[in-house]
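Here is how the chains run, residue by residue.
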Amino acid sequence: SAILKNSGQTPAFNVHNSCESFSGCYPLAENRPHPAPDLSSTTILGADANIHCTARIFLSDADRQLTRVTDGEIAFWIQGTVIYDDCFEKGHTTKFRYIFGGDVEEKGGMVLTADKEGNEAD
């Protein structure tokens, strides 16, 4: 689950988001497209408020997959897209990608951190 925060001073209107999680080689062999936002529901996100983007990873052999993450062979990823309008009715898009695993030794253990790529906002 990724927690997304409106760090602005005004509400975000017409907020739509979508996210996905997956396991894959580390680093990613090729850029994976972000999911399109879910337009079936909308919300308003107040200043300093949070929303959760949650997506499950289904693994056929969870113990083996976790060992592969620990060994740095693969990682677990969560990524998504958020679109919203600011208080001036200007539309914005934010894309995020977080990684669990990767270079475990460099990070001092397995932690969820922003990936080096796949994070952008206008």
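The rules we used
Residues numbered from 1 in each chain as written. Predicted model: local features only at pLDDT ≥ 70, side-chain atom pairs only at ≥ 80, totals over all residues. Heavy atoms only, no water. Helix = DSSP H or I, 4+ residues; strand = E, 2+ residues; numbered from the N terminus. Buried < 20%, exposed > 50% of the residue type's maximum accessible area, 1.4 Å probe, protein only. Contact = heavy atoms within 4.5 Å. Areas by Shrake-Rupley, 256 points an atom, 1.4 Å probe, with all protein chains shown as cover. Lys, Arg positive; Asp, Glu negative; His and termini not counted. Charge placed at Lys NZ, Arg CZ, Asp CG, Glu CD. Pairing = 2+ DSSP bridges.

A. Up close: the overall build of the chain. Within the chain, the secondary structure is distributed over 2 helices and 8 strands. Helices and strands in the chain line up, N terminus first, as β-β-β-β-α-β-β-α-β-β. With the principal axes as the frame, the chain shows a C-alpha extent of 50 × 30 × 25 Å. The buried share among the 122 residues of the chain stands at 32%. Of all intrachain contacts in the chain linking residues separated by at least 6 positions in sequence, the fraction that spans at least 24 positions is 66%. Summing over all exposed atoms, the chain offers an accessible surface of approximately 7,600 Å²; the carbon and sulfur share of this is 49%. One way to put it: in the chain the 10 positive side-chain charges average out to a point 2 Å from where the 18 negative ones average out.

B. Quick peek at the side chain of glutamine 65. Among the structural elements, glutamine 65 can be located in helix 1 (residues 62–70). Take glutamine 65: its relative accessible area is 14%, and that puts it in the buried class. Excluding residues that lie within four positions of it along the chain, glutamine 65 makes contacts with Leu59, Ile74 and Phe76.

C. Local environment of the pairing of strand 5 (residues 74–85). Extensive coverage of strand 5 is indicated by the burial of 9 of its 12 residues. Note that strand 2 (residues 12–25) and strand 5 share 11 bridges and pair antiparallel. Across the sheet, serine 21 pairs through a bridge with isoleucine 78, a residue of strand 5. One ladder, built from 11 bridges, connects strand 5 with strand 6 (residues 91–101); its direction is antiparallel. From the neighbouring strand, alanine 75 faces strand 6, where its bridge partner is glycine 101.

Honestly, that's just the spatial picture; any functional story needs more than this.
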